[in-house]
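Overview (structure and organization)
What follows is each chain in one-letter form.
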Amino acid sequence: MAPLPFSEVVIAPEPLRRTLEQMLTRPSPPQSLLIVGMAGVGKRTLARSLAAAWLCPKRTAQGHCQTCLVCQKWSDTGEHPDLRVLKPEPEQIKIDAVREMRGWTSFAPAVAPLRFVIIEEAHRLNPAAANALLKTLEEPPPLYHFILTAPASDLLLPTILSRCRIVRLGVLTTESVLQRLKSRFELPEETLRTIAEFSEGAIGRAIRWAQALQSPESEGKGRQAHNELDALQKLLSLFARLGVASLEEALRLAYEFREACKALEGGTEERSPRAALALGLEYLIQWYRDSLALNYPNASLRFASHRQSLSQLARRFAPAERQRDLQSITEARRAILGNANAQIVTEHLFIQLLRAG
Ligand SMILES: [Zn+2]
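Residues numbered from 1 in each chain as written. Predicted model: local features only at pLDDT ≥ 70, side-chain atom pairs only at ≥ 80, totals over all residues.

1. Some words on the sheet that holds strand 3 (residues 115-119)
Here we have five strands laid out as an open sheet, ordered 2-3-4-1-5, and parallel in their pairing. Each edge of the open sheet carries a strand with a single partner, namely strand 2 (83-86) and strand 5 (165-168). Adjacent strand axes in the sheet meet at a mean angle of 20 degrees, parallel and antiparallel pairs treated alike. Both strand 3 and strand 4 (residues 144-150) contribute to a ladder of five bridges, which runs parallel. Directly across from V117, in strand 4, lies its bridge partner F146. (Pairing = 2+ DSSP bridges. Helix = DSSP H or I, 4+ residues; strand = E, 2+ residues; numbered from the N terminus. Axes fitted to C-alpha atoms, helices over the stretch in contact; angles between N-to-C directions.)

2. Quick notes on the domain arrangement of the protein
Taken domain by domain, the protein comprises domain 1 (6-168), domain 2 (173-214) and domain 3 (221-354). On the side of domain 3, 12 residues touch domain 2, which itself brings 10 residues to the contact. Taken together, the elements giving at least two residues each to the side of domain 2 that touches domain 3 come down to helix 7 (189-199) and helix 8 (203-214). Counting residues per element, the side of domain 2 that touches domain 3 draws most heavily on helix 8, at five residues. Taken together, the residues that form the side of domain 2 that touches domain 3 break down as four nonpolar, two polar and four charged. (Domains from an automatic or database assignment. Contact = placed C-beta atoms within 7 Å. Nonpolar A, V, L, I, M, F, W, Y, C, P; charged D, E, K, R; others polar.)

This is how it looks when you write it as structure tokens:
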């Protein structure tokens, strides 16, 4: 798919759109841009859309023109002679890929006035690759610009960070995701609501999911989307057990958690095993946030249909304990996104979550 024009990319928070529009109307793009945000908020969509806009000599604040000679060069699969995309294959971006890219940057642009390199999941650059990239960012070849994406800025080397202008993508409310899905998809409202709840405000994830569900179940993506829905239901019933399970069950729960997360691998976002586990932990974070929000009558719960299980957790552990647990889950997620051993991290985490009560 050719990139979406910038005006059609869903962007949260809303003021960010104006900042980016202003950036687009300047004569030249930033040398290096880093887009951060949790999985599925649309980092990849935005990166491609911005690159397409800056490649286009007729761009406006709405993005690329889609008709000029440069824009006509986008292939159906989203390739362009003046764009190179690096991504983890499958777990890491290795030095060979960066070297190959550096070789590419010794050539002049093919049709556009400049060239772009997108580095998806830049936190997956291995140390040698990160150092090689740093050299390129420090002395960028003329007419070459870079867009990096990552779940969080502190996962990158400070030396790389200091070279980048940072754009932070946020999430939408469940209700706002639901409205956008309803305007685009013919699926039953209940299904769309489930997608909106689970997308955690990440519109890109929600749209890809709904698209996959719309394709016949027998096809790869449709089947995967249905499997994902199943996996998420499993995760929720597992979270519900945190309100009642004994400490002896911790390892069992950790195992079931990892198994459920396996069904989230690949899929519409081509998630790596680590990204799948991190996503599972993001849902768990949301579960704990919901349990803490129960005290506030007007707070909107992400998992409003699971109020009873959330209350059970709230009765078992005091708010201060759940705050601390929330911290532990966040740290576990960070460790997983780094190189920590998934089994050790999840077992340690579930023991902690069940230790008192
Ligand atoms: Zn154009």
